[in-house]
Every structure is written in C-alpha cells, then in structure tokens.
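As a plain string of letters, each chain reads:
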Amino acid sequence: MKNFEYFKPSTLKEASELLIKKGANAHILNGGTDLIIRMKEGITSPDVVVDIKGIKELHNIKFDEKEGLFVGACVVLNDMAHNQIVKEKYKVLSNAAKSVGSGQIRNKATMTGNICNASPLADTSTPLLALDAKVLVYGPNGEREIPINELFVWVRKVSLEHGEIVKGVRIPAYENIIGDFQKISRRKEVDLSTVASTVVKINDEIRIALASVAPTPIRARKAESFIKGKKLTDEVIEEAAKIAASEASPIEDVRASKEYRIEMIKIAVKRNLNAVRS
Amino acid sequence: MKYVGTSVNRVDGIKKVTGDLKYVDDLKFPRMLYAAVKRSTRPHAKIIHIDISKAEKLPGVKVITTGKDFPKRVGLYLEDKNFLAVDKVRYMGEAVAAVAAETEEIAHEAVKLIEIEYEDLPIVTNALDAMKEDAPLIHPDLGTYKYASVFAPKPDTNISNHYKVRKGDVEEAFKKADYIFENDFYVPHIQHCPIENHSAIASVDREGSLTVWASCQSPYAVRLALSVAFDIPLNKIRVLSPAVGGGFGSKAGTTLEGIVIPLAMKSKGRPVKLTFSRKDEFINSFVRQGMHSKFKTGVMKNGKIIAIKDQYVWDGGAYTEYGVNITKAAGFAAVGPYDIENIWCDSYCVYTNHPVGGPYRGFGMSEIQFGIERNMNIIANELGIDPIEIRRINAQKVGGRTATNAPIDTCGLLDCLDQVLEDFDPNEKVESLSPNKVRAKGIAFGMKAPSMPNNVASSAIVRLNEDGTAYLLVSAQDIGQGSDTALTQFAAEVLSIPPEKITIKTGDTDHTPYEWQTVASRITYCAGNSVINACEDAKAQLLELASLKLGIYKRDLKLEDGYVVSTIYPDKKVAIADLSLGLTMPDGSGIHGPIIGRGVFIPPNVKDHDHETGLGDKPVAYWTYGCQGVDIEVDTQTGNIKVLNVVSSFDVGKVVNPTLVEGQIEGAIVQGIGSALWEELKFKDGKPLNPSFVDYKIPTANDMPEMIIKFIENEEKTGPFGARGVSEPAMIPSAPAIANALCDALGITINSLPLTPEKVLNAMKEKNNK
C-alpha cells in the first residue's frame, strides 16, 4: 500500500473542502471494506484519504411517518439490518443488507458505501431501486437529492461531483411494503451475487429491480408495465420473468456464463413474484 | 489402556486458543529485512535480460538475487526446479528475482522496478495436448535430470513419469466380458487454502551457518533440499518449524525457503523474512494437479468386473519434482478399492505451463477415485444393479489381491459399508420441503496407502526429568491433525505417566531427531512407532535400575502411574522420578545416569515394485479403507446443491483419540464438499483467473452438514497399538458420493468437478432434450 495523508474531519463542510483542496486523488473513506482492499491491491492509490466517520450526523438512522426512513452514510449494515423499524417496515432492505459479505464485513460496511462503490451487483441496490430511494448529497454548492436510479452511471461510476459527500439515503414512507429479495450465488454465505433481484408490491403497484445483470443495477420497467393491472397468475409471472430477463444485458465472467445469468433472472423474478403474490 | 483410546485434550490447545503459540510470521528479529518476489508475467518464455539497476538504487533496498546466483536444480524425487527461474520461465507467477529491503513496502516497490525482457515461447496448458508429439517441450533437458530410480521420465517429451500396471490380460478379458463401458472424467486444479500463509525467515551467521524458520511440514526434508541446493553441509543448517497453521500438503517439501536463503546469504548477517500473500498461496505454493481419467471396463452380467483398462493424465504443471510421486501412488491404487483380475493402467505425469502441482490431502486418491466411483455407479445403473451390490461384488476382501497383485490380509472395507448402512438408508425416499428441490442420496468408497518411499525413517527421544516429568522429542509436525497429542498419548501409555507430565518438542533439526516428512497420513503410524520404541527403551532402563533397587526380576516389574511396581507385591515400588538421573546405591555411589530413551522406525518389508508390470507384493505399508453416504438437496431451478447429512466409516485400526479423529474426519468431509461443489482454480492460457477467496470458494460454517462419524477397528499389525493413518483417506469418498447422489437422483451425467449450478442445469437440459 502506498503512503497517503489521512484526515478525519468532524463536519461535512470541512470534509468537502478537504476533498476539493486535495484534488482528484483524494478519496472518501467510510467502512473501508472496498477501499482498503483496493488500496492493498494497488488498484486505487489515493494520496489523501478523508475519513467521514468523524461526522456525527452521518451516523443517524431515523424514521418519520411522512419523510420515511433516513439511513445515515456511516450506519453500518448490521445496525441497519437489525434496526427494529427497518425490520418491521422495510424487511426487504433488511434482508438484502444481511446478504452482504460476512458478519465481520457487515459490522464495518455501510449501505452508502455499498451503493457509492457502484458495483453492478451491490446487494442493497435492488431494494433501494425498487423503493425509489433518494440519495442525499452535501456539496460545495449546497445540498441536493439524487434519485437512486440516477446515481448509478456505469460500472463503478456514480453521478457525484468531486467534493460531494453522500449524507445518507432516504426511503419514502409507504403504507405497506410487500417485498422479496432474492440472491442467487455460488455459495449461500459470503459470496457475491450471480444475480440478485427485489420485487416490491406497494398498493398494487409492482416494482422489479435487478443486480449483477447489466453495467449498473436496473429497474425492469417493461416487466413492471406488463404486470400493471394484471392479476399475478402463473402465466403472468412466467411472462413477466421473461420480459425482465430481456431487459438485462449480463456478461460472462469467472462466476457464471451469460446464459446462466439470464436463466437465473427468470428464476429470481419468478420467486420474487410468487412471494409477493401470496 | 489408560490413555490411548481416550479423548485427551489437545496438548497444544491452550497455546492455540490464547494466541500464545507463535507462527513464523509472528517472529521478528533485530535488523530483519523483508523480501518480495518478482514474478513472471508470461506462462512460458525465455528470459533475455533482467535489469535490476533501477531497483538497486531505491533507498532501503539491500539485496537483489536472480536465478543465476544459484543455478543448481533441486527436487524431492526429480531434480527439475530452481527456486528462482534460470534462463526461462515456465508458468505465470514463477519467481524470477527477489529483493530484500528495510521494509516490506520498499521490497514491493523495488520489485516493480525490476525490468525483465522475455521472448515468448509456445505454451501448452492442457495435459492431454502436452503429451502429443508436436507439443512444445517445457523441459527440453529432461533427459539429463537426476531422479529417484523408481520413476520413469521420458526424455524429449513432457512426460516426467510413466507408471504402468500390467496385470493379467485385459484384451482377452474384454473379449469374454458381457458388457464394455467407456467413461472419461476430469478433476480440476484446486488449492489447499491453509489458514496460515507460507512464511520463512533465513539468517546466515558469520561462520556460514544457516538458520531457517519455516512454516513447513517437514523440517528435515527442507534441510536436505537446501543443503543440496546451496552446497551447505547438513550440520551447518538448522531448520525450525515453530508452528504450522494447516498444511494439507502445501507445506510439504520446499517452496519459499529457497527464495529467502540466497537473500540472507548476501545480507551480511541480517535475517530475511518472506511471507506469501493469499494470491501467492493460490499460485506459488502447490496446487492439486488437474487430472484427466478414462476407463474401459469389462463387466459380466452378474456385475462382476473382470477387466479395467484406465489412463490417468496428470497436469503436473511447470515442475513435477514432487508431482511424479502422485502419479505413482495412483498406479498402486489403479482401480481403487476393488479386486480386479485384469488391469492395464497408465499413469502419466505431464508438464504444462500451469502452477506447480504437488501433494494435497489424498495424494492422487481423491482425483482417481472420483472417476472410479462415478464409473461404478454408471455401470450399476446401466446393468440395473444396486450401486451398493456392485460394490459388494467387486470390493477388495481378505484373501483377495490389490491392483499390484499384493495379497490382502486385512480389509475392513465392507465392514465400513455395513456400518454406514446402519445409519444411512440409500433407498429411503425423502421428499424435499420445497417444491423446487430434490433430495438425493449417494455412496462412495475410499482407499489410500501412505505414499512414501519404502525406507522412510522416523526417530524419537524421550528424556526423563528429576521430578518424573518427561520431554518427548520428535520432528513430526502438528499441522492441525493433532499429532502432538496422539504421540504424547503413546508415550503416556508406555511410560504410564499422565499426558500433562509430558512435554512434546518438535520441529528443530538441531535438537529434535530425524523424521522424513509429515505427509502421507504417516505420522501416527511411523512417528508413533518410533515414540513407542523410545519409551520402551526408557522403560527397559527404568526396570533395570528398579530391579537392582528392589531386588525383583525385571519380568516381575511394570510401570504404573509414575512408579516402577512389582506385579506380585504391589507395595514394592520405586518412583520413576527417583530413577530419572540413574540409581543411587546404598553406599551413596551412583550408576547409569539420566534415563534417555531412543526409538527408531522404518515401515517393515515395503519393497520396490516391478518396473515393467507395476506389480509388487508389498509396495505400500498398508491400505486404509472407508465408506461414506451422503444426503443432499438440489435446487433444480438454480442448480445449487446443499449437503445435508454425511455418514462416514473408516477402518482406522485403533481409535487413538476419539475427539481428535472425529474432528479430522469432519474436516476431511468438509474439504471434500468444497472440492465437490465449488473449488476450481481456473486458468485462461496459463493465467490464473480466480486466485482469491472472492472467486475461489471453500465451505463456510453454514455449509457444514450433519455428520455421523463411525469407525471400524481391524488392527493394523505393524501399527502403534494397531492404528493406521486416516487423515487423508477420509476426504476421498466425499466428492464422488455427492456426485453419485446428484447424478442418480436426477438421471443426469456430470463427469467433472466441481458440480457447479451451471453444470447441473446444463446436464438437466441435456437429459430433457434426449
């Protein structure tokens, strides 16, 4: 690992200014479960590391009937997954969070880190996409909200400007979420998704999100509009799964072939839809 | 017996759970330098030029070495390797140069500054292709290499060993057979994944004496290899192996030691440390060889197999100094645990541009038996015979013959099968609770002998202290298998001293006596016998002195709980403590001196096989047999497999420590599950694609099945208290049993490992398209 300068500011302002001052080779450090590995392997070699864990407000997790759930950028996955409100009202998010890495990883890693890393297979991405989450961003020109589907630009690329810091993720309040998360992987625990998917049903609206099937996690909008207004019969589910698969553009890699991934999108979406149907 | 057969607590347990035990990488010495290795980026290339000028100038860099510094070839059975490549590289990742620097960071930085000019050579990465006549030669000078006489390298080819079995007349038998079956199988490269990475520290003092601390299974084998490579007499080399965090074969022989020593020789007395990264573990320690097998089997209508012609082609990788012996071991077990009259077996060790193949738990047996046991089920299914029945018909039994035509005088194989069947009903149909899942059951046999030269030697020393406690000195290494505890139990039993009063010392060639290697599941057996002999020697001395002291014939004395006691008058006794430094006579004079027992052992009567036919009456010390039944659940939509239950039975001769041997078998089963379901080191044109735990998966705690572990105890006559080795054999049946369960339940054919979800779905599709 190359030498680097380390800063641990206590305010967002300070952190953002540091990032701007130190330039493009300054990197935010949150849980570190991606960054440190990349640094050890020499893939990322920042000159400056800005640790945001000293910023108190980023550790909040709160729920409000109107605003919904806010999960601060530095809330670790295990704290979120086992939070009582999250378990009751956003079960699907809790389940997805519990599937990230190992227990040890989840004690360090955060959801904000998971999505900002912008891996196509980020496990928390599909529930966030399906629930239309908003990413709250602090920047030199003030604060802004980015809809989650606009955050992901490409493999490992997000729509954040240098100097911008994600404060956390807001998930709208919904009357009643019926949701299901599916992760198909080689090994059940401590593995990356070969394919992951989330389906939520909110007031009869069905939303489908997929990961590890395209350069970014995606919503399967065609499949969603196909389902719209239809009763979830076996035939509808079968067809919707096929349509969802047609919206994906998976690759072949060391984990699976393209064909297997397409097959698994169908299976995962079918399982999702069957789960929300009953 | 008092101690043998009981679950004595691990003698190294407290040190391990508290972290007090120091592994090599924990050791730090004053002024120690850190090493890093420049590795080949080409799978096969001539080294045209190595430019170290930039690296040398980096502040903090102390020494840089290349292959030219010590060009002498070394090897355990075949001298075909250099610790640093000389003139050419033969696999991607091969060590080309090494740096010692003030810090690890500087060493790694310096390595990046070393520039190497290569000239690419044609590569060959499939062992079957490498055998072809026009294949590029990886070792053109093979004909000039030195090798142990039991091997047969073929000059001007890539074949570094060809082992043949020619028993009976297969062609005649095929004519008589009612059916002929032909099947091919493949097992990929896998890696041991010990929890502790390889680490070594070398230090050379001003007299030229070399000290090496290494996380190695075999300090004496390392010492010998280093002596040959660097022309240092054995009395000037000290190898210490303070602790080993799992070996599974990857720490047998020598790997990184040969890289740090040249650095230490040039570093003016400063010690040099090198610790492998996990990526290094995957590529640069040892891998289990990939292997292509094919079987032609002649069978009678009643299920009796009358002939097998098989071929094993091993992907030995760039160097096969150790791998050649795996080929030979496979030949001894040519048809697995079956008694077949006519056998024609060719086992070839083949060079490829892949990482170096070497010993891995099972030493070839898991690889060949995957094919043997799948072949058995395929034949049984075709004939409509129960897979268990066909095994009963063909199993090796007492009075029968092994593949090398050796007579079988002990064989608990069918006892193991029957013991498994007590807890495992292969025909019981269990419905899965999920509609997408299918439950399936399968069974497989396993068999292994210690794969070692005939005359391998062991020794032990036992020293009694003034208070009646004792030191036991051996160079058998506890690599997690529990040998420190088992050997202590043997000593406790013979000396009748409780295990907590015995301290075992291992792994220091200056102070602990000779042991060939901790491999081959041979330690309980070989080192165990030497420990017993050492303790018997000490006991004889004690009885001699006690006889004088008590005026009782030696034959009427025994050792009991720290005393020499009369077997006739139990109150007549003398404490071992009082005899530990000799006997003090009534007039105050003393005789004899300290009690030191010495014991040695070589497996009796193991002899060379015939080169032309591969046959031999006793090519191995003994065979260990066993059987496992598995119960799995397959997700027929995703292809994922979960192993739910395993019932295992092995004939261990004598259970020395129930808790430890159960743990060993559980570990073996889980390792077998890993190789069955996930493990495969993938390559593309010689480049390793998944050398990390991100994409090379081994079982987690979540993947543990319920395990019922049982034992048969048919005494091994030459074994310590009747025991035989079992740590490797127990892994062998796991993978084929899982494959048999899967294939039989779904009516599919998968003849390669691992059984990935994708292969399962493709095989199901293929079946549906038929």
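Located above this text is the structure these notes cover.
What you see is a predicted model, and the numbers here were worked out from it, not measured in a lab.

(A) Representation of the overall build of chain B in the model. Scanning chain B from N- to C-terminus turns up 18 helices and 30 strands. The C-alpha radius of gyration of chain B comes to 27 Å, within 12% of the 27 Å expected for a compact globule of 770 residues. Seen through its C-alpha atoms, chain B measures out along the principal axes to roughly 95 × 70 × 55 Å. Restricting to contacts in chain B with at least 6 residues of sequence separation, those with at least 24 account for 78%. With the model as given, the accessible surface of chain B reaches about 28600 Å², and the carbon-plus-sulfur share is 50%. Taking the average location of the 85 positive side-chain charges in chain B and that of its 97 negative ones, the two points are 2 Å from each other.

(B) Layout of helix H13 (residues 483–495) of chain B. Residue and element names in this part refer to chain B. Taking 1.5 Å as the rise per residue, H13 with 13 residues should run 18 Å; its terminal C-alpha atoms sit 18 Å apart, in good agreement. Judged by how many residues are buried, H13 sits mostly within the fold: 13 of 13 residues are covered. Just downstream of H13 lies Ser496, where phi reads positive at about 55°.

(C) Main features of the sheet that holds strand E3 (residues 48–51) of chain A. Residues and elements named next belong to chain A. The strand order across the open sheet built from three strands is E1-E3-E2, with neighbouring strands paired in parallel fashion. Strand pairing shows two members of the sheet lacking a second neighbour, strand E1 (5–7) and strand E2 (26–29), which therefore form its edges. Each adjacent strand pair in this sheet contributes to an overall mean axis angle of 25°, direction not counted. In terms of strand pairing, E2 meets E3 through four bridges, oriented parallel. Following the sheet pairing, Ala26 is matched in E3 by Val48.

(D) The pattern of salt bridges, seen in detail. According to the stated counting rule, one finds 60 salt bridges over all chains in the structure shown. The salt bridge involving Asp25 of chain B is made with Lys273 of chain B; its shortest N-O contact spans 3.4 Å. Taken together, the positions of Asp25 of chain B in the loop between helix H1 (13–18) and strand E1 (33–39) and Lys273 of chain B in strand E12 (residues 272–275) put the pair 248 residues apart, joining distant regions of the chain. Glu544 of chain B is the salt-bridge partner of Lys554 of chain B, the closest N and O atoms lying 2.9 Å from each other. Of the two residues, Lys554 of chain B sits in the loop between helix H14 (523–550) and strand E20 (557–560) while Glu544 of chain B sits in helix H14, which places them 10 residues apart along the sequence. In this structure Lys554 of chain B comes out as partly exposed when scored by relative accessible area, which is 39%. Residues participating in the shared-partner salt-bridge network are Arg186, Asp191, Asp253, Arg255 and Arg261 of chain A together with Asp695 and Lys697 of chain B.

(E) Here's a closer look at the pairing of strand E5 (residues 68–72) of chain A. Residue and element names in this part refer to chain A. Here E5 lies mainly inside the structure; five of its five residues are buried. Relative to E5, strand E4 (residues 61–64) is paired through four bridges, and the arrangement is antiparallel. Bridge pairing in E5 links Phe63 to Leu69. If you look at the hairpin formed by E4 and E5, you'll find three residues sitting between the two strands. Relative to strand E10 (residues 165–171), E5 is paired through four bridges, and the arrangement is antiparallel. Within the sheet, the bridge partner assigned to Gly72 lies in E10 and is Gly168.

(F) Geometry of helix H1 (residues 12–22) of chain A. All names here are of chain A. Of the residues making up H1, those classed as buried are Leu12, Ala15, Ser16, Leu18 and Leu19. All buried residues of H1 fall inside an arc of 155° around its axis, so they share one side. Elements in contact with the buried residues of H1: E1, E2, E3, strand E6 (134–139) and E10. Where H1 terminates, the next one or two residues include Gly23, which has phi positive at roughly 85°.

(G) Spatial organisation of the nonpolar core. Membership of the largest hydrophobic core comes to 173 residues, with the highest contact counts inside it found for Leu273 of chain A together with Ile632 and Leu742 of chain B. With nine residues, the top contributor of residues to this core is helix H10 (residues 365–383) of chain B. In contact with Leu273 of chain A, other than residues within four places in its own chain, are Val199, Ile206, Ile227, Leu232, Ile237 and Ala240 of chain A. One finds Val4, Ala476, Val494 and Ile523 of chain B within the second-largest nonpolar core, a separate group that totals 42 residues.

(H) Molecular detail of the interface of chain B and chain A. Each partner contributes to the interface: chain B provides 20 residues, whereas chain A provides 18 residues. Interface area for chain B against chain A, summed over the two sides, is near 1700 Å², with a carbon-plus-sulfur share of 51%. It is Asp695, Lys697 and Glu758 of chain B in chain B that bury the most area against chain A; as a group they hold 30% of the surface buried on that side. For the pair chain B and chain A, the number of links is four salt bridges. Tallied by class, the residues present in the side of chain B that touches chain A amount to six nonpolar, seven polar and seven charged.

Cut-offs applied
Residues numbered from 1 in each chain as written. Chains lettered and ligands numbered in written order. Predicted model: local features only at pLDDT ≥ 70, side-chain atom pairs only at ≥ 80, totals over all residues. Heavy atoms only, no water. Helix = DSSP H or I, 4+ residues; strand = E, 2+ residues; numbered from the N terminus. Rg over C-alpha atoms; globule rule 2.2 N^0.38 Å. Contact = heavy atoms within 4.5 Å. Areas by Shrake-Rupley, 256 points an atom, 1.4 Å probe, with all protein chains shown as cover. Lys, Arg positive; Asp, Glu negative; His and termini not counted. Charge placed at Lys NZ, Arg CZ, Asp CG, Glu CD. Expected span 1.5 Å × (residues − 1). Buried < 20%, exposed > 50% of the residue type's maximum accessible area, 1.4 Å probe, protein only. Pairing = 2+ DSSP bridges. Axes fitted to C-alpha atoms, helices over the stretch in contact; angles between N-to-C directions. Salt bridge = Lys/Arg side-chain N within 4 Å of Asp/Glu carboxyl O. Arc of directions from axis to C-beta. Core = buried A, V, L, I, M, F, W, Y, C linked by side-chain atoms within 4.5 Å. Buried area = accessible area lost by both parts, 1.4 Å probe. Nonpolar A, V, L, I, M, F, W, Y, C, P; charged D, E, K, R; others polar.

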